[in-house]
Amino acid sequence: ELKVEQNPLFLSMQEGKNYTIYCNYSTTSDRLYWYRQDPGKSLESLFVLLSNGAVKQEGRLMASLDTKARLSTLHITAAVHDLSATYFCAAPLTGTASKLTFGTGTRLQVTL
Amino acid sequence: DSGVTQTPKHLITATGQRVTLRCSPRSGDLSVYWYQQSLDQGLQFLIQYYNGEERAKGNILERFSAQQFPDLHSELNLSSLELGDSALYFCASRSTTSPVAFFGQGTRLTVV
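In what follows, the accompanying structure is described.

Definitions and limits used
- Residues numbered from 1 in each chain as written.
- Chains lettered and ligands numbered in written order.
- Predicted model: local features only at pLDDT ≥ 70, side-chain atom pairs only at ≥ 80, totals over all residues.
- Heavy atoms only, no water.
- Pairing = 2+ DSSP bridges.
- Helix = DSSP H or I, 4+ residues; strand = E, 2+ residues; numbered from the N terminus.
- Axes fitted to C-alpha atoms, helices over the stretch in contact; angles between N-to-C directions.
- Buried < 20%, exposed > 50% of the residue type's maximum accessible area, 1.4 Å probe, protein only.
- Contact = heavy atoms within 4.5 Å.
- Buried area = accessible area lost by both parts, 1.4 Å probe.
- Salt bridge = Lys/Arg side-chain N within 4 Å of Asp/Glu carboxyl O.
- Nonpolar A, V, L, I, M, F, W, Y, C, P; charged D, E, K, R; others polar.
- Disulfide = S-S within 2.5 Å.
- Polar contact = N/O pair within 3.5 Å; in protein donor to acceptor, adjacent residues only side chain to side chain.

So, about the sheet that holds strand β8 (residues 74-78) of chain B. Residue and element names in this part refer to chain B. Read from one edge of the open sheet, four strands run β1-β3-β8-β7, paired in antiparallel fashion. Strands at the two margins of the open sheet, each flanked by one partner only, are β1 (5-7) and β7 (64-68). The mean angle between the axes of side-by-side strands here comes to 15 degrees, regardless of whether they run parallel or antiparallel. Note: β7 against β8, five bridges, orientation antiparallel. If you follow Gln68 over to β8, its bridge partner there is Ser74.

This part covers the pairing of strand β1 (residues 4-7) of chain A. Residues and elements named next belong to chain A. Only one face of β1 is covered, namely the one carrying Val4 and Gln6; the face carrying Glu5 and Asn7 has none of its residues buried. Relative to strand β3 (residues 19-25), β1 runs antiparallel, the two being bridged by four bridges. Within β3, the residue paired with Glu5 across the bridge is Asn24.

The subject of this paragraph is the pairing of strand β8 (residues 71-76) of chain A. Residues and elements named next belong to chain A. In terms of strand pairing, β3 meets β8 through six bridges, oriented antiparallel. Within β8, the residue paired with Tyr19 across the bridge is Ile76. With six bridges joining them, strand β7 (residues 61-66) and β8 adopt antiparallel strand pairing. Counted as the bridge partner of Asp66 is Leu71 from β8. Here β7 hands over to β8 after four residues, with Arg70 in that stretch at a positive phi of 55 degrees.

Every contact between the two is made by 17 residues of chain A and, on the other side, 17 residues of chain B. Summed over both sides, the interface between chain A and chain B buries roughly 1400 Å², with carbon and sulfur atoms accounting for 60% of that surface. Where chain A packs against chain B, one counts zero salt bridges. The set of elements that each furnish at least two residues to the side of chain A that touches chain B consists of β4 (32-37), β5 (43-49) and β10 (100-102) of chain A. Counted by class, the side of chain A that touches chain B contains nine nonpolar, five polar and three charged residues.

Once that is clear, we can look at the side chain of A:Thr86. Mapped onto the elements of the fold, A:Thr86 is located in strand β9 (residues 85-92). Not counting the four nearest positions on each side in its chain, A:Thr86 is found in contact with A:Tyr35, A:Arg36, A:Gln37, A:Gly105, A:Thr106 and A:Arg107.

Here the focus is the state of the cysteines. Summed over all chains, the structure comprises two disulfides over all chains. Bridging A:Cys23 to A:Cys89, the disulfide has an S-S length of 2.1 Å. Its S-S torsion of about 85 degrees marks the bond between A:Cys23 and A:Cys89 as right-handed, since a negative value means left-handed. Pair noted here: A:Cys23 is in strand β3 and A:Cys89 is in strand β9, with a separation of 66 residues, a long-range link. Judged by its relative accessible area of 0%, A:Cys23 is buried. Each sulfur of the disulfide joining B:Cys23 and B:Cys91 lies 1.8 Å from the other.

The next thing to look at is the side chain of B:Gln37. Residue placement: B:Gln37 occurs in strand β4 (residues 31-38). Residue B:Gln37 is classed as buried on the basis of its relative accessible area of 15%. A distance of 2.9 Å separates polar atoms of two side chains, one belonging to B:Gln37 and the other to A:Gln37. When sequence neighbours within four positions are dropped, the list of residues in contact with B:Gln37 reads A:Gln37, A:Phe88, B:Gly42, B:Leu43, B:Ala87, B:Leu88 and B:Phe90.

One pass over the structure, following the stated rule, counts four salt bridges over all chains. Where A:Asp38 meets A:Arg36, a salt bridge forms, and the shortest distance between an N and an O atom there is 3.0 Å. Among the salt bridges present, the one from B:Arg63 reaches B:Glu82, with a minimum N-O distance of 3.7 Å. Note that B:Arg63 is positioned in the loop between β6 (53-57) and β7 and B:Glu82 in the loop between β8 and β9 (87-94), a separation of 19 residues in sequence. The exposure class of B:Glu82 is partly exposed, given its relative accessible area of 43%. Several salt bridges converge on common partners, so that one network encompasses B:Arg63, B:Glu82 and B:Asp85.

Have a look at this one:
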């Protein structure tokens, strides 16, 4: 059974600071997804990482994947209030495409 | 707007009742996924359909069932509802040419 763990579960940070969210998964997976969810809203796709060593960046967010360590990171640079949301990582079992197992989520609160 | 439409947005019903949640995938997407999001269980994969056929099953209760129709819309049927079934139910769709699943706005089910 694939298990996906995120830490921290809750992150309060000041605007302008940098921080990293970690996502570990338990068994082989060939890709890793990051989603953002605002309270009571849908999940918005941020990144899909398709291979070992993949790095993707969008604005102040950068995601990376190390399939050997079964670890993905989501790095936040110079946080702004608009980034406040819950961030989920998710992984499929190899060969099952988008049947995703989600992490518990990291609730990010960026304070002014 | 992800292009995935779910109805209704909110549903309040009594224990023991049966409800049907509807999902219209993005135009051309053959795969439809259902997920349940609750405070205690997090985001859990329920079931996947591909072009009308069941493709994968997750933690879906026997009281729940789903189907995908020839026009590719999908319905999730929940019966003999219990208080613990209260949750946000998401539908997602994916095309065969993209690894990314796009989520609908969800249906918030409250069982009283």
